[in-house]
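# Structure at a glance
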Amino acid sequence: MCGRTACSLGADNLRRACAYRDRRGRRRQPEWVRTESYRPSYNKGPQSSSPVLLSRRHLQQDADSSERVLMDMRWGLVPSWFKKDDPSKMPFNTSNCRSDTMLKKSSYKGALLKGNRCVILADGFYEWQQQSAGKQPYFIYFPQTKDAMTEEKEGDKEWRGWRLLTMAGIFDCWEPPAGGEMLYTYTIITVDASKDVSFIHHRQVRVGKGAAAILDGDEAIRKWLDFAEVPTQEAVKLIQPTENIVFHPVSTFVNNIRNNTPECLAPIELGAKKEVKATPSSKVMLDWLKNSQEGSPQKKENELPRWTSQFIHSPSPKKTSAGILQQWLGKETEPAAKKRKA
């Protein structure tokens, strides 16, 4: 299952990172719906809110179905037919939806057949590997290009920062029986884990576990979102395991949902203690990351570390993240005047 994610980009940069081409080939950035409710986080769990892409036609019937909008939705689908006055009274967990049963279970079938398809955005998600000494968390994400290590410059039209992970989901809109504000909620679709991450965790039918269904590339995203042009039976064919992901071990610091700092997704060496050591260099890096959040009204989220895909692909990792961290620590030693120009 997918039970924890991170999404640290601010609202404006999320729009830039989600730029796309509409049906006419025009480059667009999705507009926000209720942007004031969005809060970036390094440690999001069920019942929290996350940024989601959906077709504008869901909100405006005469809109082009290829046009996209961004909305902050609550994680954990509440079906529109739920009759109780409190969505927290849902008797079962709907944070994840198995791909092989999503057209059978009433919680998801109705919304899916109505075309309520969405894409959940994240830096990546966390998974835990069961070990004799406990559970070891990993951070899983798309491979990053060298451009992701380049600092964004004001006026750049093309997004060159972190490539967001795009996960397929189903959403629904619930109205309180006594009236009130409509609640938009979603579930993340899960599939069997790919062979690269199956050692971390594989879905077992008995306990219903699986990895998030990832949509790799804008064409897959377009087909999943455009419910008016792509019928349900065609869209569900997009839900397949992907091997285009990388991962690295992180500290058990992320286990506590209250912890919400860059330390949650910082890579560690498995040969050392699992907890991040408070070395001078790690303190410099973490302090710098925290300052980059607080130093600008727009969070300077583009200055977050952009790790390349030099991480483990086997149960016995031999490569460490030290080299990548050194790159970022090296950047911190640049003259202050040079950094201010970026």
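Just so you know, these numbers come straight off a predicted model, no measurement behind them. Numbers given to residues run from 1 along each chain, matching the order in which its sequence is written. Residues qualify for local features only when their pLDDT is at least 70, as the model is predicted, and side-chain atom pairs are given and counted only at 80 or more; totals for whole chains, interfaces and linings, by contrast, use all residues. In computing side-chain properties, one takes all heavy atoms of the structure into account and sets aside hydrogens as well as water.

## Digging into the environment of Cys264
Elements are defined by DSSP. Helices are runs of H or I of four residues or more, strands are runs of E of two residues or more, and each kind is numbered from the N terminus. Considering the arrangement of structural elements, one finds Cys264 in the loop between strand 15 (246-249) and helix 5 (280-294). Here's how the labels work: a residue is buried when its accessible area is under 20% of the maximum for its type, exposed when over 50%, partly exposed in between, all with a 1.4 Å probe on protein chains only. Classification of Cys264 as buried rests on a relative accessible area of 0%. Along the chain, Cys264 and Asn43 lie 221 residues apart, while their C-alpha atoms are 7.0 Å from each other. Not counting the four nearest positions on each side in its chain, Cys264 is found in contact with Tyr42, Asn43, Tyr126, Val250, Phe253, Val254 and Asn259. Residue contacts are defined here by distance: any two heavy atoms, one from each residue, within 4.5 Å place the two residues in contact.

## Considering the nonpolar core
By convention a nonpolar core is built from buried Ala, Val, Leu, Ile, Met, Phe, Trp, Tyr and Cys residues, the set being connected through side-chain atoms within 4.5 Å. One finds Leu14, Ile170 and Trp224 to be the most contacted residues of the largest nonpolar core, which totals 43 residues. When residues of this core are traced back to their parent elements, those giving at least two are strand 1 (5-7), helix 2 (106-113), strand 9 (117-122), strand 11 (134-141), strand 12 (165-174), strand 13 (183-191) and helix 3 (218-225). With four residues, the top contributor of residues to this core is helix 3. Listed in part, the 25 residues of the second largest apolar core include Met71, Met73, Ala122 and Ile214.

## Examining the side chain of Ser66
Looking at where Ser66 falls in the secondary structure, it is placed in the loop between strand 6 (49-55) and strand 7 (68-75). Residue classification places Ser66 among the buried residues on the basis of a relative accessible area of 9%. Between N or O atoms, a polar contact is any pair within 3.5 Å; within protein, one atom must be a potential hydrogen donor and the other a potential acceptor, and residues adjacent in sequence are included only when both atoms are from side chains. Separated by 3.3 Å, the side chain of Ser66 and the backbone nitrogen of Arg23 make a polar contact. Not counting chain neighbours up to four residues away, the residues in contact with Ser66 comprise Tyr20, Asp22, Arg23 and Asp226.

## What about the packing of aromatic side chains?
The geometry of an aromatic ring pair is captured by two quantities: the separation of the ring centres and the angle between the planes. Only the six-membered ring of Trp is used, alongside the rings of Phe and Tyr, when aromatic pairs are assigned; centres must lie within 6.5 Å, and planes under 30 degrees apart are stacked while those over 60 apart are edge-to-face, with the rest tilted. Taken as a whole, this structure holds nine aromatic pairs when the rule is applied. Centroid distance Phe82 to Trp174: 6.5 Å. Interplanar angle 50°. Geometry classified as tilted. Separated by 92 residues along the polypeptide, Phe82 in the loop between strand 7 and strand 8 (96-98) and Trp174 in strand 12 bring together distant segments of the chain. One exposure class covers both Phe82 and Trp174, and it is buried. The rings of Tyr126, Trp128, Phe139, Tyr141 and Trp162 are connected pair by pair, giving a single aromatic cluster. Positioned above the aromatic ring of Trp224, the side-chain terminus of Arg117 is 5.4 Å from the ring centre. Placement of a positive charge over a ring is assigned whenever Lys NZ or Arg CZ falls within 6 Å of the ring centre and within 35 degrees of the normal to the ring plane.

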